Amino acid sequence: MLITRGYRTQLDLNHQQITLCKQHAGAARWSWNWGLRRKQEVYQQEKRWISAMELHRELNALKQTEIPWMYEVSKAAPQEALRDLDQAYRNFFRRCDLKKEGKWRGKPGFPKPKTKRKGVGSFRMTGSIHIYEQAIELPRFGRLRLHECGYLPTGGVAVLSATVSEKAGRWFVSVQVSEQVPDPPQAAGPPIGVDTGIKTLAQCSDGRAIANPKALTSELKRIKRLHRWLSRKQKGSKNRAKARQKVARKYARVAYVREDALHKGTSQLTRAQLPPEEREIRKAEIAATLPEPKAKVKPKRGKRSKKKPPPEPLPKTNANKVKAKQMKKLLRQARISDAQRRPAVVVLEDLHVAGMRTEPQAGSGNQRCRIRRVQAANGLQNVLARRKPAVGRSLVCFHQTVLWLQPYQRRDRPFRAHLCLRASGLWAGDRS
């Protein structure tokens, strides 16, 4: 089947490339704010919404008079920002319709102006994008060095776009590709229930427990020390900027640890758990079928008319890393022989018990979203169990089955996932 997938990895940029990235991010931010003002002005005067293409034509006219600095960046950055603005308006109107029907809680979320205080931002590039083992080539940028070699797909995919973003002083690129993957075989294993908790990230009905890393709690002492250090710096000084950067990097590390725990936990729930002996046998089978990694990319020199030198082979250490990552990707694919090892149904607990305060690292909402994304690639079915809402209150639920449960009376159960399975008739355990 044909799927659209994103790959995100870190970039290794020099000062000149960082400056160019900031210019593109600033151009995208300026285009968003300008397009938002123009949309509001046109609606007040003509009572209609101006499209992204009309805004782009006006922007091209402004480049020749008021904003000649826009020629220094690629045209894709402001154009994609205006398209994102159109999508934000469509999402706003969709949420307004849901709110009228009583299916949306909270504010509809009208688009707001973007500010530099919340970060440098990001920009999206389209057009001629080429991916190599150790570099990625973007329009107006040329080849940018990758921090991790061999992660981005270099062949067999159609590159749709590339989004460059900044977080805590580090620059990342997210490549959206369209690739062909084999149809996942349907899982046939026994269903399991998952109860998100406080002490552990998740507790399964088959006895497995996913530990909670508690990233914020473990880093809280260092965060307090960095905040004290930041408060003693003079406002507007270079040392204060350095202190802010260190605080941002510490918070980013907390987010990375939390995200890594969610990815590993959902992989344990949705993929077959292989014994070490069988895992090594499969690795050897996959390694025998993989081709050698591509050659190292040489930087462009001189005019294009000159003959390019032959590419150098990858060093042995880098080639081994590239091949190991390719093996890991193929090893994660679902097989028909593993159908009995993968649960056919995953029942997630979402009872919203009043007064229950979970650790912020638990991330049950992110875990549910992650499981919904990987279930299609592994042939699983996702079931969400919730308490029956009060009369007059409506609840909207997308892309999943909902089981309405009555409040349970017995509290000697180890976790509520058993109740989810009993209510759905999927668990064949002790019903006493």
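Residues numbered from 1 in each chain as written. Predicted model: local features only at pLDDT ≥ 70, side-chain atom pairs only at ≥ 80, totals over all residues. Heavy atoms only, no water.

Per an unreviewed UniProt entry, the protein chain goes by the name Putative transposase IS891/IS1136/IS1341 family and belongs to Ktedonobacter racemifer DSM 44963.

**Quick word on the pairing of strand β6 (residues 157–167)**
Successive residues of a regular strand alternate their side chains across the two faces of the sheet. Where strand β2 (residues 122–125) lies against β6, four bridges are found, and the strand directions are antiparallel. Bridging across to β6, serine 122 finds its partner in serine 165. Sheet topology note: the β6/strand β7 (residues 170–180) ladder contains 10 bridges and is antiparallel. Considered in β7, the bridge of glutamate 166 is made with tryptophan 171. (Pairing = 2+ DSSP bridges. Helix = DSSP H or I, 4+ residues; strand = E, 2+ residues; numbered from the N terminus.)

**Details of the sheet that holds strand β3 (residues 130–131)**
With antiparallel pairing, the seven strands of this open sheet are ordered in space as β2-β6-β7-β1-β5-β4-β3. Two strands in the sheet have a free side with no partner beyond their single neighbour: β2 and β3.

**Observations regarding the packing of aromatic side chains**
This structure, assessed with the given rule, holds 12 aromatic pairs. Ring geometry for tyrosine 89 versus phenylalanine 110: centroids 5.4 Å apart, planes at 75°, classification edge-to-face. With tyrosine 89 in helix α3 (residues 76–100) and phenylalanine 110 in the loop between α3 and β2, this residue pair connects regions lying 21 residues apart in the sequence. Looking at tyrosine 89, the relative accessible area reads 4%, which means it is buried. Look at phenylalanine 110 and you get partly exposed, because its relative accessible area is 32%. Ring geometry for phenylalanine 92 versus phenylalanine 110: centroids 5.1 Å apart, planes at 85°, classification edge-to-face. Note that phenylalanine 92 is positioned in helix α3 and phenylalanine 110 in the loop between α3 and β2, a separation of 18 residues in sequence. An aromatic cluster is defined as three or more aromatic residues linked by ring pairs; in this entry it consists of Tyr43, Trp49, Tyr89, Phe92, Phe93 and Phe110. Taking NZ or CZ as reference, lysine 39 lies 4.9 Å from the ring centre of tyrosine 89, over its face. Lying across the ring of tryptophan 32, lysine 114 places its NZ or CZ 4.4 Å from the centre. (Phe/Tyr/Trp six-rings, centres within 6.5 Å; stacked < 30°, edge-to-face > 60°. Buried < 20%, exposed > 50% of the residue type's maximum accessible area, 1.4 Å probe, protein only. Lys NZ or Arg CZ within 6 Å of the ring centre and 35° of its normal.)

**Focus on the pattern of salt bridges**
Per the stated rule, a full pass over the model turns up 18 salt bridges. In this structure, the salt-bridge partner of glutamate 219 is arginine 253, at a minimum N-O distance of 3.4 Å. With glutamate 219 in helix α4 (residues 215–231) and arginine 253 in helix α5 (residues 238–270), this residue pair connects regions lying 34 residues apart in the sequence. Owing to a relative accessible area of 9%, glutamate 219 belongs among the buried residues under this scheme. (Salt bridge = Lys/Arg side-chain N within 4 Å of Asp/Glu carboxyl O.)

**Observations concerning a positive patch on the surface**
Among the surface-exposed residues, Lys221, Lys224, Arg225, Arg228 and Arg232 lie close enough to one another that they form a single positively charged patch. Mapped onto the secondary structure, arginine 228 falls in helix α4. A relative accessible area of 44% places arginine 228 in the partly exposed class. (Patch = residues over 30% accessible without salt bridge, like charges linked within 9 Å, V, L, I, M, F, W, Y side chains within 5 Å. Areas by Shrake-Rupley, 256 points an atom, 1.4 Å probe, with all protein chains shown as cover. Lys, Arg positive; Asp, Glu negative; His and termini not counted. Charge placed at Lys NZ, Arg CZ, Asp CG, Glu CD.)

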